[in-house]
Amino acid sequence: MINDIEKNNIRYVQNPNDQQINITPQKNDFASDKRILENLTIDPKLNDNSLHKFYNYPKYYDKAFTRDVKSDISFFKKCFQQYSDKEVKRVLEPACGPGMFLEILPEYGYFALGYDLNPAMVEYAKEKLKRSGLTANQADVIEGNMEFMKFDEKFDAAFICINSLGYLKSEEEISSHFKAMAESLKAGGIYIVEISCKCDDIKNEKKIDDTWYVKEENFDLELTWAINWYDLEQRIRHVDFHMIINDNGYKTEVEEAHELRLWIFDEFKQFLKSSGFEIVGIYNQNYEKIAENIPITGELGALFFILKKIC
Ligand SMILES: C[S@@+](CC[C@H](N)C(=O)[O-])C[C@H]1O[C@@H](n2cnc3c(N)ncnc32)[C@H](O)[C@@H]1O
């Protein structure tokens, strides 16, 4: 909810935990700046074709893609206990977006570090962690590209959700990511990857109703995430994204294409093999284990692949 309070060019918004977080308007809250609203011009750093416009507005992403983070973390914890060779303390989240997991992981006793390509997401997540009273020893967030990002101080576990990995499209980018992750995890470390594979019957992937609405006291959003077509040869899902924003009476839209990797299970396994990971378990959205003899296709929905760093 946006409050009317505006002090020193800072607007106050509320995060899902109802804590106030301040967001510098030129980056994150274009509704507070008419020029930005009308022209959709934003910080030049963000006016970069490599960044999706939607992710320049973390406040709206946070509301539009809210999920039951605590259930997911409880599931991750069980996986860490079951599959990790060591007690998990340090957890990494590539492509962390607005930091919805980072904010909660310390409650479960983990140190959490997230990174994201988009500086607006990083700034928003940082502010959110600060407002939650978390110190950098409990949770932190930095800028980084998952294609290359690696860490000298290794992590016990990592996870990446909601098909964020799909933004790496080519074989080179994906292999580079898994190699960087293998270097960043301790031996026997766990990496949980949430993606959905290509459907056997690809027409099934088309959803009839892919528009949804978010209503808050002072703003409402209409969002459409429509898979438009598949490039089977290049392994790309082409998605048309459209968001209509009515924020405090100001109306604007974001319309853009998102290209994501079209995952095929056998290929996914190859990327892992060549970078030193093995699959130790696959789970569906109800956290139920998928039996080994079941074909892994998009018909099963988005899945959690539990990867273990070999040696
Ligand atoms: C669908 S959002 C997911 C955010 C978060 N993982 C979640 O579960 O809500 C995808 C995120 O991936 C980030 N992203 C895209 N390409 C990236 C890259 N190469 N490296 C790091 N982050 C990237 C975007 O900026 C965006 O925040």
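Residues numbered from 1 in each chain as written. Predicted model: local features only at pLDDT ≥ 70, side-chain atom pairs only at ≥ 80, totals over all residues.

Let us now look at the packing of helix α6 (residues 171-184) against helix α7 (residues 265-275). At a minimum axis separation of 9 Å, α6 and α7 run at an interaxial angle of 45°. Our classification of the angle between α6 and α7 gives oblique. Regarding α6 and α7, the two cross each other, and that crossing is right-handed. Counted together, I174, S175, F178, K179 and A182 of α6 and F271, L272, S274 and S275 of α7 form the full contact between these two elements. Here the contact of α6 with α7 is composed, by residue class, of 5 nonpolar, 3 polar and 1 charged. (Axes fitted to C-alpha atoms, helices over the stretch in contact; angles between N-to-C directions. Helix = DSSP H or I, 4+ residues; strand = E, 2+ residues; numbered from the N terminus. Parallel < 35°, antiparallel > 145°, perpendicular 65-115°, else oblique. Left-handed = near helix turned anticlockwise from the far one by under 90°. Contact = placed C-beta atoms within 7 Å. Nonpolar A, V, L, I, M, F, W, Y, C, P; charged D, E, K, R; others polar.)

Per-chain confidence: the chain averages 84 in pLDDT, with 82% of residues scoring 70 or above. Note on residues 1-46: pLDDT under 50 across the span, and 85 contacts to partners over four residues away in sequence or across chains. (pLDDT = per-residue confidence, 0-100.)

On to the site of the ligand. Close contacts around the ligand come from 18 residues, with A95, G97, L117, N118 and Y167 the closest. A breakdown of the residues in the shell around the ligand according to their chemical character gives 12 nonpolar, 4 polar and 2 charged. (Near = placed C-beta within 6 Å.)

Turning our eyes to something else, we now look at the pairing of strand β14 (residues 303-309). Among the 7 residues in β14, 7 count as buried, and that is most of the element. What you see with β14 is no split at all: L303, F305, L307 and K309 on one side and F304, I306 and K308 on the other are buried throughout. Bridge count for strand β8 (residues 185-195) against β14 is 6 bridges, and the pairing is antiparallel. In the strand pairing of β14, V193 is matched with F305. Direction of pairing for strand β13 (residues 277-283) relative to β14: antiparallel, over a ladder of 6 bridges. (Buried ≥ 20, exposed ≤ 12 C-beta atoms within 10 Å, placed from the backbone. Pairing = 2+ DSSP bridges.)

What follows concerns α7. Turn by turn, an α-helix covers 3.6 residues, leaving residues three or four places apart pointing in a common direction. Taken as a whole, α7 has its buried residues at F268, L272 and S275. In a view along the axis of α7, the buried residues occupy a sector of 75°, so they form one face of it. Looking at α7, the residues exposed on the side facing more than 90 degrees away from the buried face are D266 and S274. Residues of α7 that are buried in the fold lie against α6, β13 and β14. (Arc of directions from axis to C-beta.)

What follows deals with the nonpolar core. Of all hydrophobic cores here, the largest spans 65 residues; its most connected members are V91, L102, A158, Y191 and I192. Shared between two domains, this core holds at least three residues of each, these being domain 1 (1-203 + 262-311) and domain 2 (204-261). If we skip the residues at most four places from it in the chain, V91 touches L105, Y110, F111, A112, F155, D156, A157 and A158. (Core = buried A, V, L, I, M, F, W, Y, C linked by C-beta atoms within 7 Å. Domains from an automatic or database assignment.)

This part takes up the environment of K70. Secondary-structure assignment places K70 in helix α4 (residues 69-83). Sequence-wise, K70 and M100 are 30 residues apart; in three dimensions their C-alpha atoms are separated by 9.9 Å.

A few words on the sheet that holds strand β7 (residues 155-160). One open sheet holds the 7 strands; their spatial order is β6-β5-β4-β7-β8-β14-β13, and the pairing between them is mixed. A strand with exactly one partner marks an edge of an open sheet, and here the two such strands are β6 (139-143) and β13. In this sheet, adjacent strand axes meet at a mean angle of 20° when their direction is disregarded. Taken together, the 5 bridges between β7 and β8 define a ladder with parallel strand orientation. Residue pairing in the sheet places F159 in a bridge with I192 of β8. Docked against the sheet, α6 engages β4 (90-94), β7, β8, β13 and β14, running at close to 140° with respect to β8.

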